[in-house]
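Per-entry structural report
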Amino acid sequence: MDSSSPGSSMAFSVSVKHILLSEVLSVTSVMRKNSRWALSTPSVTSRDSTLATSLGLRVSKTAPHTYASGHGSTEQELMAGFQDLKQLVKEVEDIHSLPLSTLLGPFLSIIRSPLSTGPITSAALTALHNFFLCGLVHPEAASLQSTLAELSSALSSCKFEASDSSGDEVTLLKIMTVIQDALCSSVGRKLGDIEVCEMLETVLTTSCQMRLSEVLRRSAEGSLHHLVRTVFARLYDLDPEAEELKLADNGDMEGGEMKMSVSTTGPPPEEPSESEEPNPQDDNSTPEATPAQAVEQPPETPSGPRPAYGLPSILELLRVLINILDPNDQAHTDSTRLTALRTLNVAIEVAGRRICDYPSLSVLLLDHGCKYLFQLARSDHPVVLQTALRTIATMFETMRPKLKLQQELFLTFTVDRLAPPPVPATKNLPLAQKALAGSPRPGSSVPSTPHLGPPPSEFDDKVPATPRLVVPPARGDTRELLLETLCQISRHPSFMVDLYVNYDCDMNCENMFERLIEFSAKGIYPVQGLGGQDYHLQNSQFLCLDLLLAFVGRMAARAEGAGEPWPEHFPRSEELQEIKSKKKLILTGASRFNTKPKTGLAFLEENKLIYTDPNEPRAVSLAKFLKNSARIDKRLLGDFISRPDNIDVLKAFMMLFDFKGKPVSEALRELLESFRLPGESQQINRITETFAEVYIATEPEDVKTQDAVYVLTYSIIMLNTDQHNPQIRKRMSLEDYMRNLKGVNDGADFAPEYLLNIYESIRKREIVMPEEHTGQLGFEYAWKELLTRTRQAGDLFMCNTALFDADMFKNVWRTVVSAIAYAFITFDDDYIIERAITGFRQCATLARHFDMPDVFDFVVVSLSQATSLLSDAQPTQVPNYPVIDIDGQPVTVSSLSVKFGTNFKGQLAAVVLFNIVNGNANALREGWTQIFEMFQTLFLHSLLPSRMLQMEDFLGGTSTIPLRRSQPARAQPRSDGLLSALSSYLMTPYASSSDALVPDATDADIENTLCTIDCISTCRLDELYSQIMQLEPEALVAAVRALEALAHERTVARLKLESDDITSNMGASQSSTYALPYDPASVFLLETMVSIARQTPEHIGEIWPIVFEHLSALLSTSTQYGILLIERAVVALLRLCLILAERHALRDQIYLSFDLLARLPPSVASAVAEQVVAGLTMILKQHPDIVHSQTEWNVGFALLRSTISHPEAARQSFDILSNIATDPSQQLVTPDNFTGLVNALDEFATAAGIAVDAQQQGRRTQSLNASNSPIVERGRKAIDMIADLKKFWASFAETTGLNKTHIWRQFGLPLLSSLARQSSNTSRELRHAALVHLQRILLGPHLPIDENSHSQIEDIFNRVLFPLLDELLKPQTLMRDPLGLPETRLRASALLCKAFMQFEAREGQTADIRVLWIQVLDLLDRLMHVDRRDQLYEAVPESLKNVLLVMNATGLLVPPTSPDDTRDERQVSLWAATHERIERFLPGFLDDIIPAPPPQPPAEAAPASQPAPAAPSS
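From a predicted model like this one, the values you see are computed outputs, not experimental measurements. (Residues numbered from 1 in each chain as written. Predicted model: local features only at pLDDT ≥ 70, side-chain atom pairs only at ≥ 80, totals over all residues. Heavy atoms only, no water.)

Here we come to the overall build of the protein chain. When helices and strands are tallied, the protein chain shows 65 helices and four strands. Per-residue burial over the protein chain gives 54% buried out of 1514 residues. In the protein chain, 76% of the contacts between residues at least 6 apart in sequence involve partners at least 24 apart. Here the protein chain has roughly 65400 Å² of accessible surface; of this, 52% comes from carbon and sulfur atoms. (Helix = DSSP H or I, 4+ residues; strand = E, 2+ residues; numbered from the N terminus. Buried < 20%, exposed > 50% of the residue type's maximum accessible area, 1.4 Å probe, protein only. Contact = heavy atoms within 4.5 Å. Areas by Shrake-Rupley, 256 points an atom, 1.4 Å probe, with all protein chains shown as cover.)

If you want it as structure tokens, here you go:
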């Protein structure tokens, strides 16, 4: 025969026949070694019947082949079976033609026989194992199914006499091996469900027998796992629908044969035992709760082919495994549960996803399986806990879609144990919580089960806190194990999305996503009081961090396109988000209702959560909300609906239940499980009456009236209390119950069967009211509610979509970033730091993706705190740090550079921070404050790139902001004009003070400084600085605001603070003169702010108000800051005005700035004059048409006038005025700027006088004049230009259309007034020039006055000549030029007389000139007598004489005539006044000049109107 055989799994050199005979020999040899077996002789009954017949012997027809039936009652029969087999095999060439039952029969008889010993059974099992290996047992073997059935029966009922324990356990191991051969080989598919159950029961029982050795039990468990993998893998080959149909059709036909049981306390297999220890069930047990008693029966060969094993055996195995897990079943130990847990885990690993396709399997696992697993997850046994958690994780891994509420339950429980909440009051807990609040753990003497109920929501105190079980906090290894499991469960990319979609967006679920994120974030921070070693606590923190970082990383991946499309058959994302937004309102309303129903109802109605349908009664709308809201306090609900004024709500509430066709006990059960029955009898009565009314409306068959329902309802409530109250010892019997209800059914009795059903229903199942029970009963009720919700909730939606990422990130980003920042700052592990850095970058990516600048700000703030570059102190003076030369570059070794060089964590934070900001600057808002504060710190320690240290100047180009400076004097006058005021006190950043010693730098300090410089270089600050100049408007404004805030803090706020301190200590007078010392940081911040504004001119409209506010604050109190800061503020203001000039809408801001500069105190104005003029010149040069209105010109001229005290600035200012006044095109001088130009030039002339006066006071020998003094020269030119401006009077009259009066008032009078003022100038040269110009203009032909307007003529005297003479007559005026002033007085008096003669003493004068004439006489009187030695004493009478003669000639001054006076009244009064006034200082002078005519006869008298001949003038 060929050595290969059908079904052979490996090649053998010998034939199968040889192996068979060899194994027969092996077994019989062992049998013969036993003394009892050795004495046995073959019995005739074991001989072949054919031989007996051939010899004429009578053979009993009832004697079967013992080996065929598999029974050997004696040793002889068992031995004879082998002898017969040898005879049979020797006569057959192909043993495969023989039935397999014939070949294996003797071996199976040995295994089954109780007469066998351990070694004999072991030899038979070894033979069977070899038969499987050599292929004797193969799928095509004859009578295979019957043989496998006998094999299964033999192995499961193997009995042998115990010998030594080691040998016996070897035998048991071989049983496991043969079972594994049968089930896992190619013939395994031929096994039926019964055989599979028998084999699995054998292996499972062996692995659970505690009396066996650990090695045997572990080996048996290994075999069990192999078998379970094989059996559950069968699910992939089966058709779920077909198998479920077969299971439903067969029912319990094979139930008795297929029932498996496991005993851990019964006798071991080697002890003879006819049955296993009974395990009776009580009346309350369910078939699944306790395994059925296995009844051993003699094996029977199947009469026909049976189908291969399938769903029934797998279902039975799953049932047994799950039942073993029941922590309330005291028949099983933790060791047994461990075996079942590990086996169940193997089954789920193999076929978890496939199990979901079989309703019978999935229901079993989701109900009892989950219930027991979750209870074991609270075990104190560490191995049980670990194995239970592993199984749970495997279950969620493979069956997650079917475990929506189970997952919520487990996650809530886990978070509660890891982050326990404060202990709530038991009285406020709902039923599920009170039922579990005191339940002990698995393994204790009292059955227990943990509540894994919903967590509290993430709402404020107005939102109800979801009740949850008071669980002890997990500590040490347990805590770490729970966290590891949580991390394992959450490893799916879509895990957090699934939580958000399925729970946070579900009205009846907790906000699991928010709660898990919050827990993970809190878990990163240290927790006090949890005990355990530091390693465990730190590892727990790492695990929590890993949860957060995984969430951020997966969301970042989805943002980059790794998300999945949202399936169309899932609810629309908009609907889910609407539910999410509505959920908080409902929770808040429920919370307020639980606190005060009236307030809650008002809130619900206000937010349109109730009473929304006008066609629906209000009571119905409210009842629906109360019934469907899980957050309503059930005790309060019962009290509320049973109030007298809420009877409509009570009835509407009950109408929402479907009592049709339900027994009254079940209807009442359903009702009372929805709220807590109140304790007041009247309320109970109202509830009972309403229930009776609603129930009788369903027309029940066995109850006739509403009153009968009412009584029956009361009786059920009382019966429920009687049967289940532990304080009642004597229970009500069925007879008692029936007796109490006699005649209440409309005068008749209820049917006995009806009352029996009610009685049994209540006795077996208590009506559990919410918040009433604790312990197992309450848990069972809570679990039932969960399963009910599961059917309503449906499957878990799973999709790695990015649709909800924005809302998710918006809800938790602050918590996440804070936690990552804490981990980054606190932990020292390189891997953790690297992960945290990645987390920061991913958060930044998400912030940019979702356009959430707040996140960027928070990241920047968090990281900036870790850099150590933020300083709380505000140093005003920078110490003298050593400067060394490194590769030709000066390097400052500062305290910060040394310290930062050793702070590796700070360097990392800085690099990460600036790398995040680089490229994302547009997303930053509030975080700019930290960015610029770090810039400021780096600046003060000379660590910024040189580009960021520059400040631009109008005069000297760019220079570096000095870090230190001595207090300078105000700018000294100079005439070179080549350097700015700044150069007089600028110092290099690295200059040392003469009064401070520079410390030496050590090698370590230098090395640390170089590390710092490398880090700063890596941060790419210059790139960020460039990006700032290209920011979008919103980010740019935020950056400038941050700079302004920092600058304000170092200047205005600091000044106020220190001034207040000085005021409180030294008085207000000291604080008003206090000035802040030089602060380089304030200059740096100002320069940075202005540099940004200048380089972003397109956004000047948004930036200008911020910058101007700061500049205005500085310049308004300019004397209290360092002059460098003020000068930089002035330069900044003017440079920004250059940009404003290009924006027509902002041009008014230029004049606000000019006005601010013009109002600077003189000392400050002089110091910054050069910069002011340079800036103004540039503005006017680039924008010559910028000035339009008179106000604008006046502001500009005022600014120029403020620079006169500075020599060089005055020169430039005068050039500007000169260019305007002497413009060849005569287009620059306009009516708007004429007066301002005159005043500005007038001030330059005045300045020249002041300079001359100062020179004379100094008693210098050489007097100042136009040839030796630029100031006097400018003054002389200014007077000439003022006089020359008279040429514009005529053009103004033509272009503006103004009459002479307006021309005179607006242009003529100011010009003459200016010349009159300068006619008293200290400088003789300027004085006489002004007087000459004044005389020429007054007496010239172009004076724009109306001769008929006497008021204009009066203006000439009252506002020009009289003030001039008054000034000249002052003694102090004389003291300025004692030698030259008398001549000026002489010229002025002559001008006065000439002007009077021209304007007042003319012919045809009709105005009353008496007052003006008397004033002239008064002045002449004063001039004449001011000094009798002066030429005026003689010159005044002569000038007066000419005036009198002219007045007489024009008929104004006429002496009296006699005898009749022919003068008119005006002549009379003028003569009288003149005579009286002249007589005071020149008696008889008037009469001498104009004598009275001699009396003449009336006829010969000359006409009165004829004027007298004029006297010749002298």
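Despite not being glycine, glutamate 699 has its phi angle at roughly 60 degrees, a positive value. Relative to the assigned elements, glutamate 699 resides in the loop between α30 (681–696) and α31 (706–724). At serine 868, a position not held by glycine, the phi torsion is positive, near 65 degrees. Tracing the backbone through its elements, the reader meets serine 868 in the loop between α37 (853–867) and β1 (883–886). Since its relative accessible area comes to 32%, serine 868 is described here as partly exposed.

Moving on, we get to helix α35 (residues 805–826). Turn by turn, an α-helix covers 3.6 residues, leaving residues three or four places apart pointing in a common direction. The largest bend in α35 amounts to roughly 60 degrees and is located at valine 812. Taken together, the buried positions of α35 are occupied by Asp805, Met808, Phe809, Val812, Trp813, Val816, Val817, Ala819, Ile820, Ala821, Ala823 and Phe824. (Bend = angle between axes of the 7 residues up to and from the residue.)

With that out of the way, let us pick up the nonpolar core. Counting 394 residues, the largest nonpolar core has Phe107, Trp928, Ile931, Phe935, Leu1334 and Phe1357 as the members making the most contacts within it. Ranked by residues supplied to this core, first place goes to helix α48 (residues 1123–1140) with 14 residues. Those residues in contact with tryptophan 928, other than ones at most four positions away along the chain, are Ala921, Leu1024, Ile1028, Leu1031, Ala1035, Ala1038, Ala1039 and Ala1042. Formed by 56 residues, the second largest nonpolar core is a distinct cluster that contains Val694, Val703, Leu734 and Ile762. (Core = buried A, V, L, I, M, F, W, Y, C linked by side-chain atoms within 4.5 Å.)

Below, the discussion takes up the packing of helix α1 (residues 16–33) against helix α7 (residues 118–134). The contact between α1 and α7 brings their axes to 8 Å, and the two run at 175 degrees. The angle between the axes of α1 and α7 places the two elements in the roughly antiparallel class. Contacts from Val16, Ile19, Leu20, Glu23, Val27, Val30 and Met31 of α1 reach α7 at Pro119, Ile120, Ala123, Ala124, Thr126, Ala127, Asn130, Phe131 and Cys134. Residues of the contact of α1 with α7, tallied by class, amount to 13 nonpolar, two polar and one charged. (Axes fitted to C-alpha atoms, helices over the stretch in contact; angles between N-to-C directions. Parallel < 35°, antiparallel > 145°, perpendicular 65-115°, else oblique. Nonpolar A, V, L, I, M, F, W, Y, C, P; charged D, E, K, R; others polar.)

Taken as a whole and judged by the stated rule, the model has eight cavities of 30 Å³ or more. Every element with two or more residues in the lining of the largest cavity is listed here: α49 (1147–1158), α51 (1169–1182), α52 (1190–1201) and α53 (1207–1221). Here the lining of the largest cavity gets five residues from one element, more than from any other, and that element is α52. In the lining of the largest cavity, the residues fall into 10 nonpolar, one polar and one charged. (1 Å grid on protein atoms, 1.4 Å probe; cavity = no way out; pocket = protein on both sides within 12 Å on 5 of 7 lines; lining within 4 Å. Points joined across faces, edges and corners; volume = space filled by probe spheres on them.)

The next subject is the packing of aromatic side chains. We describe a pair of aromatic rings using the distance from one ring centre to the other and the angle between the two ring planes. Counted by the stated rule, this structure contains 41 aromatic pairs. Centre to centre, the rings of phenylalanine 653 and phenylalanine 657 are 5.7 Å apart; their planes meet at 65 degrees, and the pair counts as edge-to-face. Per residue, the accessibility class of phenylalanine 653 equals that of phenylalanine 657, and both read buried. By way of ring pairs, the aromatic residues Tyr500, Phe513, Phe551, Trp566, Phe570, Phe797 and Phe804 are connected into one cluster. A cation over an aromatic ring shows up here: arginine 234 above the ring of tyrosine 309, its NZ or CZ 5.5 Å from the ring centre. In this structure, lysine 627 packs its charged tip against the face of phenylalanine 657, placed 4.7 Å from the ring centre. (Phe/Tyr/Trp six-rings, centres within 6.5 Å; stacked < 30°, edge-to-face > 60°. Lys NZ or Arg CZ within 6 Å of the ring centre and 35° of its normal.)

Our focus in this paragraph is the environment of glycine 919. Structurally, glycine 919 can be placed in the loop between α39 (904–917) and α40 (928–940). Given the relative accessible area of 58%, glycine 919 is considered exposed. For the pair glycine 919 and glutamine 1027, spaced 108 residues apart in the sequence, the C-alpha separation amounts to 7.6 Å.

In terms of strand pairing, β1 meets strand β2 (residues 889–892) through four bridges, oriented antiparallel. Opposite isoleucine 884, over in β2, you have valine 891 as the bridge partner. Hairpin geometry of β1 and β2 is characterised by an intervening segment of two residues between the two adjacent antiparallel strands and by a positive phi of about 50 degrees at aspartate 887. (Pairing = 2+ DSSP bridges.)

On to the pattern of salt bridges. By the definition in use, this model includes 59 salt bridges. Across the pair arginine 1054 and aspartate 1079 runs a salt bridge whose closest N-O atoms are separated by 3.7 Å. Separated by 25 residues along the polypeptide, arginine 1054 in helix α44 (residues 1052–1066) and aspartate 1079 in the loop between α45 (1068–1072) and α46 (1080–1095) bring together distant segments of the chain. Notably, a salt bridge pairs arginine 1143 with glutamate 1142, separated by 3.9 Å at the nearest N-O pair. Each of the salt bridges in this network shares a partner with another, and the network as a whole consists of Arg1050, Arg1054, Glu1058 and Asp1079. (Salt bridge = Lys/Arg side-chain N within 4 Å of Asp/Glu carboxyl O.)

Segments scoring low in pLDDT should not have their predicted coordinates read at a detailed level. Here the protein chain averages 81 in pLDDT, and 84% of its residues register 70 or above. Note that residues 266–303 has pLDDT below 50 and, in this model, 64 contacts with residues that lie over four places away or in other chains. For residues 421–470, every residue scores under 50 in pLDDT, and the model assigns this stretch 141 contacts once sequence neighbours within four places are set aside. (pLDDT = per-residue confidence, 0-100.)

To continue, consider helix α63 (residues 1432–1449). Look at α63: 25 Å from first C-alpha to last across 18 residues, which is about the 26 Å you get at 1.5 Å a residue. Following α63 by one or two positions, glycine 1451 has its phi on the positive side, about 80 degrees. (Expected span 1.5 Å × (residues − 1).)

Our next topic: the side chain of glutamate 408. Relative to the elements of secondary structure, glutamate 408 occurs in helix α18 (residues 404–418). Exposure remark for glutamate 408: the relative accessible area of 5% places this residue in the buried category. Only 3.0 Å separates the side chain of glutamate 408 from the backbone nitrogen of glutamate 510, close enough to count as a polar contact. (Polar contact = N/O pair within 3.5 Å; in protein donor to acceptor, adjacent residues only side chain to side chain.)

Once that is clear, we can look at the environment of leucine 609. Its place among the elements puts leucine 609 in the loop between α25 (597–606) and α26 (618–628). When the C-alpha atoms of leucine 609 and serine 621 are compared, they prove to be 9.1 Å apart, with 12 residues separating the residues in sequence. Every residue in contact with leucine 609, bar those within four places of it in the chain, is listed here: Lys582, Leu585, Ile586 and Leu604.

Across the interface, α37 lies against α39 with an axial gap of 8 Å and an inter-helix angle of 155 degrees. Regarding the angle of α37 to α39, the classification is roughly antiparallel. As for the relative orientation of α37 and α39, their crossing is left-handed in sense. Of the residues in α39, those in contact with Phe856, Val859, Val860, Leu863, Ser864, Ala866 and Thr867 of α37 are Lys905, Gly906, Ala909, Ala910, Val912, Leu913, Ile916 and Val917. Across the contact of α37 with α39, the residue classes tally to 11 nonpolar, three polar and one charged. (Left-handed = near helix turned anticlockwise from the far one by under 90°.)

Residue placement: leucine 238 occurs in the loop between α11 (214–233) and α12 (240–250). Judged by its relative accessible area of 9%, leucine 238 is buried. With 73 residues separating them along the chain, leucine 238 and leucine 311 place their C-alpha atoms 8.2 Å apart.

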